[in-house]
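# Commentary on secondary and tertiary structure
Each chain is listed here by its residues.
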Amino acid sequence: MQNILPNVVLMNRKKMTKRHLITCSVIVLLVIISAFNICSTKAVPTVKKTAKLNNKTSAPRSKFIFQNIDENEYSFANEALPVNDASVNRVMQLSLKKHSYKYVQSNILHKNAEKWFPVIEPILKAYGIPDDFKYIALVESGFGESTSSRGARGIWQFMAGTARTYGLKVGNGVDERMNTRKSTIAACKYIKELYVEFNSWTLAAAAYNNGEIKIEKAINRQNEDNYFRMHLNRETAAYVYNIIAMKAIISQPKKYGYKNYFNSVKTTELLAIN
């Protein structure tokens, strides 16, 4: 019994020493792994920092279409759009996209502009109406002869009652809304009255679309007379943007994907040719 006990104690000591060595080895290994992870973690921000510095050296991309261009490129009757306004920018981009060749897939608007602008431009000028109003005819009808579901007809899409108010004959087999020259004169008279009422060509255009009574009510209700800050029905809220987009695609066709397009020439030159 006395010989067995020392041996047992000795064996236990050996086991404990072995376990101690294993534990120490594990601890050392964990320390090495931790140190490696710390070094790796510190290295990551250095890479990110470098990436950020590299990004700073490149020119920032603006989300606004008005960046680095003449703001009058997107204007109506010399009334420029508010530049770098997120809401205005979004609606303008959508309208330009909708009128690009990719979506229209036709040059008919440019061909009709080439045919009819020389007719209506001198009339607008004679009545003191800004030249940009000629694009309303393209937005309203595309210079087509269709009749709307509400009964509006002609290139200026006059309702019968409004047409008669401004001197056009409608009825008894006669419809002067289809006469380009006469209907343009009637449109000029109407637009001029709208401008006198609102003192803004932009609001005059909006009223041409939605009626002066509704625009006046919107102004009074919202206490706001800036078209671009007003809350209007969907069609009228997009109306002036569509006119400006139409102006853009006609005056800068290549920019919006058109190849065979209306070549902008002075009215006098076109009239001289005809």
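Residues numbered from 1 in each chain as written. Predicted model: local features only at pLDDT ≥ 70, side-chain atom pairs only at ≥ 80, totals over all residues. Heavy atoms only, no water.

What follows covers the overall build of the protein chain. Each helix and strand counted, the protein chain has 11 helices and four strands in total. The buried share of the protein chain, taken over its 274 residues, is 36%. Of the contacts made within the protein chain by residues no fewer than 6 positions apart, 56% connect residues no fewer than 24 positions apart. Split by element, the accessible area of the protein chain, about 17500 Å² in all, is 55% carbon and sulfur. (Helix = DSSP H or I, 4+ residues; strand = E, 2+ residues; numbered from the N terminus. Buried < 20%, exposed > 50% of the residue type's maximum accessible area, 1.4 Å probe, protein only. Contact = heavy atoms within 4.5 Å. Areas by Shrake-Rupley, 256 points an atom, 1.4 Å probe, with all protein chains shown as cover.)

What follows concerns the nonpolar core. The nonpolar side chains of a soluble globular protein tend to be buried with one another. In this structure, Phe-76, Phe-133, Leu-138, Trp-156, Phe-158, Tyr-208 and Tyr-227 are the most contacted members of the largest nonpolar core, which totals 61 residues. Among the elements of the structure, helix H2 (86–99), helix H4 (108–126), helix H5 (134–140), helix H7 (180–198), helix H8 (201–210), helix H9 (212–222) and helix H10 (234–251) are those that each provide at least two residues to this core. Element by element, the count of residues in this core is highest for H10, at 10 residues. (Core = buried A, V, L, I, M, F, W, Y, C linked by side-chain atoms within 4.5 Å.)

This paragraph deals with the packing of aromatic side chains. Under the criterion given, the structure shown has 14 aromatic pairs. With centroids separated by 5.4 Å and ring planes inclined at 80 degrees, the aromatic side chains of Tyr-101 and Tyr-258 adopt a geometry described as edge-to-face. Of the two residues, Tyr-101 sits in helix H3 (residues 101–104) while Tyr-258 sits in the loop between H10 and helix H11 (267–273), which places them 157 residues apart along the sequence. Residue classification places Tyr-258 among the buried positions, given a relative accessible area of 2%. (Phe/Tyr/Trp six-rings, centres within 6.5 Å; stacked < 30°, edge-to-face > 60°.)

Glancing now at the pattern of salt bridges. The tally for this structure, following the rule as stated, stands at seven salt bridges. Between Asp-131 and Lys-134 there is a salt bridge, with its nearest N and O atoms 2.8 Å apart. Among the salt bridges present, the one from Asp-175 reaches Arg-153, with a minimum N-O distance of 3.0 Å. Of this pair, Asp-175 sits in strand E4 (residues 174–175) while Arg-153 is found in the loop between H5 and helix H6 (160–165), placing the two residues 22 residues apart along the sequence. In this structure Arg-153 comes out as partly exposed when scored by relative accessible area, which is 28%. Several salt bridges converge on common partners, so that one network encompasses Glu-121, Asp-131 and Lys-134. (Salt bridge = Lys/Arg side-chain N within 4 Å of Asp/Glu carboxyl O.)

So, on to the packing of H8 against H9. Relative to each other, H8 and H9 sit at 125 degrees, their axes nearing to 7 Å. Taken together, the axis directions place H8 and H9 in an arrangement best described as oblique. Within the contact between the two elements, H8 uses Leu-203, Ala-206, Ala-207 and Asn-210 and H9 uses Glu-212, Lys-214, Ile-215 and Ile-219. Looking at the contact of H8 with H9 residue by residue, the class counts come to five nonpolar, one polar and two charged. (Axes fitted to C-alpha atoms, helices over the stretch in contact; angles between N-to-C directions. Parallel < 35°, antiparallel > 145°, perpendicular 65-115°, else oblique. Nonpolar A, V, L, I, M, F, W, Y, C, P; charged D, E, K, R; others polar.)

Before going further, it helps to spend a moment on the environment of Leu-168. Along the polypeptide, Leu-168 turns up in the loop between H6 and strand E3 (170–171). A relative accessible area of 5% means that Leu-168 is categorised as buried. Between the C-alpha atoms of Leu-168 and Asn-179, which are 11 residues apart in sequence, the distance is 9.3 Å. Residues in contact with Leu-168, not counting those within four places in the same chain, are Phe-158, Ala-163, Glu-176, Arg-177, Lys-182, Ser-183 and Ala-186.

Here we come to the side chain of Asn-242. Along the chain, Asn-242 turns up in helix H10. According to the relative accessible area criterion, Asn-242 is buried, its value standing at 11%. With residues near it in sequence (within four places) discarded, Asn-242 still touches Ser-95, Lys-98, His-99 and Val-139.

Next up on the list: a positive patch on the surface. Taken together, the side chains of Arg-150, Lys-214, Lys-217 and Arg-221 define a basic patch exposed on the protein surface. Turning to its location among the elements, Arg-150 is positioned in the loop between H5 and H6. On the basis of relative accessible area, Arg-150 is assigned to the exposed category, the value being 64%. (Patch = residues over 30% accessible without salt bridge, like charges linked within 9 Å, V, L, I, M, F, W, Y side chains within 5 Å. Lys, Arg positive; Asp, Glu negative; His and termini not counted. Charge placed at Lys NZ, Arg CZ, Asp CG, Glu CD.)

Turning our eyes to something else, we now look at H10. In this model H10 runs 26 Å from its N-terminal to its C-terminal C-alpha over 18 residues, within 8% of the 26 Å that 1.5 Å per residue would give. Counting buried positions along H10 yields 13 of 18 residues, so the element is predominantly enclosed. Between a side-chain oxygen at the N-terminus of H10 and the backbone nitrogen of Glu-235 the separation is 3.1 Å; the capping residue is Asn-233. (Expected span 1.5 Å × (residues − 1). Polar contact = N/O pair within 3.5 Å; in protein donor to acceptor, adjacent residues only side chain to side chain.)

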